[in-house]
Amino acid sequence: MTDVTVSAEAVEEVEPAGPPDALEDQLISQLVDRAKADGIRLTGQGGLLQQLTKKILESALEGEITDHLGHEKHEKTRAGNTRNGTRSKTVVTEVGPVEIEVPRDRAGSFEPQIVRKRQRRLTGVDEMVLSLSARGLTHGEISAHLAEVYGAEVSKSTISTITDKVIDGMTEWQNRPLDSVYPVLFIDCVHVKLRDGQVANRPVYVVLAVTVEGTREILGLWAGDGGEGAKYWLQVLTEIKNRGVSDVCMVVCDGLKGLPDAIETVWPQAITQTCVVHLLRASFRYAARQDWDKISKALKPVYTAATEEAATERFLEFCESWGKKYPAIVRLWENAWAEFVPFLQFDTEIRRIVCTTNAIESVNARIRKAVRARGHFPNEQAALKCVYMAVMSLDPTGQGRKRWTQRWKAALNAFDITFDGRLSDARR
């Protein structure tokens, strides 16, 4: 490997009186120009970045052993521990594999921190693996990506070991204390395939909350043991209550039978709002494909009505037109009516964000993308680990959080009035 050096004469050419940033820029420019003149690539195997990483790591290790021994290299000392040469070691970094010389001491007491004993990867590589895994790449695809782009050989078993590190964090996150009051909870589930004797669909329950400050918070993930049932939802909601949530103003969900009763059992004051989109989709299941557009247009005046009374009148008109042909659709809306109408008490801007589970659908879409790449999972923990990493990578820049908060400002002001100061109490 060709070393890249900057001569003393070249360094002296830099104007010492200039500002520090200008000095650094000139040194960097000289390094790059020298590398190009010597035919050395900036990236890739043997490139400038790789060589600089080697020099920086070895310099840091040299500083560590100097602090440990208490004297500089080649400095004469009469007694005590001394240096004992170096040993070669290859570590995988973000710029590829780098071979470094790790200093040793005669007493064997030196414990390097920048590159620990038996450490073969810098932390940046672990973070890269977790990021790629969260975005839906399989372990084989991550291994191939690291080999192709960075020339780093990282086995699938090593990648699995890296991703297993999130399990402790996931357990702590799943059991963390929660706020005492949430204005709105959105609840839904996604299905994953588990190989338990045979491949079968299993639900993963997701609960997303809007905080009193208007931010988004995912309260937890739960793997069910069968279909999406109200009985299991009762267990999930009870666990959330036991983690400190004493009051919820509104719970937005699909039209699952028995779910309103489960919500009322846990939070008697909570209003259950059935998702309008789920109601429409359920309606289409009872209708012929050629009638879907007509039914959609006939139902639109119902869920866009100004008041509950107006919605009732529009629904009676729908029953007169379609009740004989599709009585099951009429029965579906009648059964869900009590959970359908609550959002009608709000103005148009607020209705748009509380009448559907769209807020959680974007989260589910990211989860499905990550899950679909895996095909199926060997066990429940592997599935939850995948879903957890997808959830943790939802908003890496924080811009989504800002947009979400801005979107909910008007709604939270109305909630404060409608729910008689319950949110204001939570802010104190």
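Anything mentioned here points back to the structure above.
Right, let's walk through the structure included here. (Residues numbered from 1 in each chain as written. Predicted model: local features only at pLDDT ≥ 70, side-chain atom pairs only at ≥ 80, totals over all residues. Heavy atoms only, no water.)

Structural notes on the pattern of salt bridges
Going by this rule: For this analysis, a salt bridge means a side-chain nitrogen from Lys or Arg found within 4 Å of a carboxyl oxygen belonging to Asp or Glu. Only DSSP runs of H or I reaching four residues or more are called helices, and only runs of E reaching two or more are called strands; each is numbered from the N terminus. Partly exposed residues are those whose accessible area sits between 20% and 50% of the maximum for their type, while under 20% is buried and over 50% is exposed, using a 1.4 Å probe and protein chains only.
Going through the model one piece at a time under the given rule, you end up with 7 salt bridges. Its salt-bridge partner being Arg-176, residue Glu-217 comes within 3.2 Å of it at the nearest N-O pair. Of this pair, Glu-217 sits in strand β5 (residues 216–223) while Arg-176 sits in the loop between α7 (166–174) and β3 (181–196), and the two are 41 residues apart along the sequence. Between Glu-313 and Arg-314 there is a salt bridge, and its shortest N-O distance comes to 3.5 Å. Classification of Glu-313 as partly exposed rests on a relative accessible area of 44%. Within this structure, Glu-313, Arg-314 and Glu-317 form a network of salt bridges that share partners.

What about the pairing of strand β7 (residues 271–274)?
Defined as follows: When DSSP finds two or more bridges between a pair of strands, those strands are recorded as paired. For the handedness criterion, the strands are oriented away from the viewer, and a crossover whose path from the first strand over the helix to the second runs clockwise is classed as right-handed.
Both strand β6 (residues 247–253) and β7 contribute to a ladder of 4 bridges, which runs parallel. In the sheet register, Cys-253 faces β7, and the bridge partner there is Thr-274. The parallel pair β6 and β7, bridged by helix α9 (residues 259–266), forms a crossover whose chirality is right-handed.

What to know about helix α10 (residues 276–284)
An α-helical segment advances 3.6 residues per turn. Residues three or four places apart therefore align on the same side. Applied cut-off: Contact criterion: two residues are considered in contact whenever any of their non-hydrogen atoms come within 4.5 Å of each other.
Of all 9 residues making up α10, 7 are buried, and the element is well covered by its neighbours. Here α10 has its buried residues at Val-276, His-278, Leu-279, Leu-280, Ala-282, Ser-283 and Phe-284. Where α10 is buried, its residues contact β3, β7, α11 (292–303), α13 (327–340) and α15 (358–374).

Quick word on the packing of α11 against helix α12 (residues 308–322)
Axis angle and axis distance: for two packed helices, these are the angle between their axes and the distance between the axes, and together they describe the pair. Using the following cut-off: Angles here are taken between N-to-C directions and fall from 0 to 180 degrees, while the axes themselves are lines fitted to C-alpha atoms, restricted in helices to the stretch in contact. Angle categories are assigned with fixed cut-offs, so that under 35 degrees is roughly parallel, over 145 is roughly antiparallel, 65 to 115 is roughly perpendicular, and the rest are oblique. Here the nonpolar group is Ala, Val, Leu, Ile, Met, Phe, Trp, Tyr, Cys and Pro; Asp, Glu, Lys and Arg are the charged ones; every other residue, Gly included, is treated as polar.
Following both chains from N to C, one finds α11 and α12 inclined at 155°, their axes separated by 7 Å at the closest point. Relative to α12, the element α11 lies roughly antiparallel. Where α11 abuts α12, its residues Lys-294, Ile-295, Ala-298, Leu-299, Pro-301 and Val-302 lie against Ala-311, Arg-314, Phe-315, Phe-318 and Trp-322. Within the contact of α11 with α12, the residues separate by chemical class into 9 nonpolar, no polar and 2 charged.

Describing the packing of aromatic side chains
We apply this condition: A pair of aromatic rings is counted whenever rings of Phe, Tyr or Trp (Trp by its six-membered ring) have centres within 6.5 Å, and the orientation is called stacked for planes under 30 degrees apart, edge-to-face for over 60 and tilted otherwise. Here, over-ring charges are defined by two tests on the NZ atom of lysine or the CZ atom of arginine: distance to the ring centre within 6 Å, and angle to the ring normal within 35 degrees.
Here the structure, examined in full by the defined rule, presents 15 aromatic pairs. When the ring of Phe-186 is compared with that of Trp-408, the centres are 6.3 Å apart and the planes differ by 70°; the resulting orientation is edge-to-face. You can see Phe-186 sitting in strand β3 and its partner Trp-408 sitting in helix α17 (residues 399–418), a full 222 residues away along the chain. Comparing Phe-186 with Trp-408, the two get one shared label, buried. Aromatic side chains Phe-415 and Phe-419 sit 5.2 Å apart centroid to centroid with 45° between the ring planes, which places their arrangement in the tilted category. Of the two residues, Phe-415 and Phe-419, neither departs from the other in class, the shared state being buried. Here the aromatic residues Phe-315, Phe-318, Trp-333, Trp-337, Phe-340 and Phe-343 are joined through ring pairs into a cluster of three or more. The side chain of Arg-216 reaches across the aromatic face of Trp-404, ending 5.5 Å from its centre.

Description of the layout of surface pockets
Stated formally: Here a cavity is any set of points on a 1 Å grid over the protein atoms alone where a 1.4 Å probe fits but cannot get out, and a pocket is any open set with protein on both sides within 12 Å along at least 5 of 7 lines; a residue lines the site when it has an atom within 4 Å of a point. Grid points are joined across faces, edges and corners, and a volume is the space filled by probe spheres set on the points.
Approximately 530 Å³ is the volume attributed to the largest pocket. Around the largest pocket sit 20 residues that line it, and Asp-254, Gly-255, Leu-256, Lys-257 and Leu-332 are the ones nearest its centre. Of all the elements in the fold, those that place two or more residues in the lining of the largest pocket are α10 and α13. In terms of residue class, the lining of the largest pocket is made up of 9 nonpolar, 4 polar and 7 charged. Estimates place the volume of the second largest pocket at around 290 Å³. For the lining of the second largest pocket, the elements supplying multiple residues, two or more each, are β5, α16 (380–392) and α17. Looking at side-chain class alone, the lining of the second largest pocket contains 6 nonpolar, 1 polar and 5 charged residues.

Describing the nonpolar core
Across soluble globular proteins, nonpolar side chains show a tendency to be buried alongside one another. The test is simple: Nine residue types can take part in a nonpolar core, namely buried Ala, Val, Leu, Ile, Met, Phe, Trp, Tyr and Cys, and a core is a set of them joined through side-chain atoms within 4.5 Å.
By size, the foremost hydrophobic cluster in this structure holds 77 residues, and its most contacted members are Trp-333, Phe-340, Trp-408 and Phe-415. In terms of nonpolar packing, the next biggest core, distinct from the first, is built from 25 residues, Cys-189, Trp-233, Val-245 and Ala-262 among them.

Observations regarding the environment of Arg-351
For clarity, the cut-off: Identification of polar contacts relies on pairs of N or O atoms within 3.5 Å, with a donor-acceptor requirement for protein atoms, meaning one able to donate a hydrogen and the other able to accept it, and with residues adjacent in sequence counted only if both atoms are side-chain atoms.
Note on placement: Arg-351 falls in helix α14 (residues 348–354). Expressed as a C-alpha distance, the spacing of Arg-351 and Tyr-303, which sit 48 residues apart in the sequence, is 9.9 Å. Setting aside residues up to four positions removed in sequence, Arg-351 forms contacts with Thr-304, Ala-305, Ala-306, Thr-307, Phe-343, Leu-344 and Phe-346. At a separation of 2.9 Å, a polar atom in the side chain of Arg-351 contacts the main-chain carbonyl oxygen of Phe-346.

Here's the deal with the sheet that holds β5
The strand order across the open sheet formed by 5 strands is β5-β4-β3-β6-β7, and the pairing between neighbours is mixed. Each edge of the open sheet is held by one strand with a lone partner, namely β5 and β7. Shown here is a sheet whose adjacent strand axes are inclined to one another by a mean of 25°, direction ignored. In the packing of α17 onto the sheet, contacts are made with β3, β4 (198–210), β5 and β6, and the angle to β3 comes to roughly 130°.

Some points on α16
Counted only if it meets this: Take the residue count of a helix, subtract one, and multiply by 1.5 Å to get its expected span.
With 13 residues, α16 extends 18 Å from end C-alpha to end C-alpha; this agrees with the ideal 18 Å at 1.5 Å per step. Counting buried positions over the 13 residues of α16 gives 10, a clear majority of the element. Within the span of α16, buried status applies to Ala-382, Ala-383, Leu-384, Lys-385, Cys-386, Val-387, Tyr-388, Met-389, Ala-390 and Val-391. Where α16 begins, one side-chain oxygen reaches toward the backbone nitrogen of Gln-381, 3.3 Å away; that side chain belongs to Asn-379.

Some thoughts on the side chain of Thr-211
Mapped onto the fold, Thr-211 is located in the loop between β4 and β5. On the basis of relative accessibility, which here comes to 3%, the residue Thr-211 falls in the buried class. What Thr-211 contacts, discounting residues up to four positions off in sequence, is Asp-179, Tyr-182, Pro-183, Glu-217 and Leu-412.

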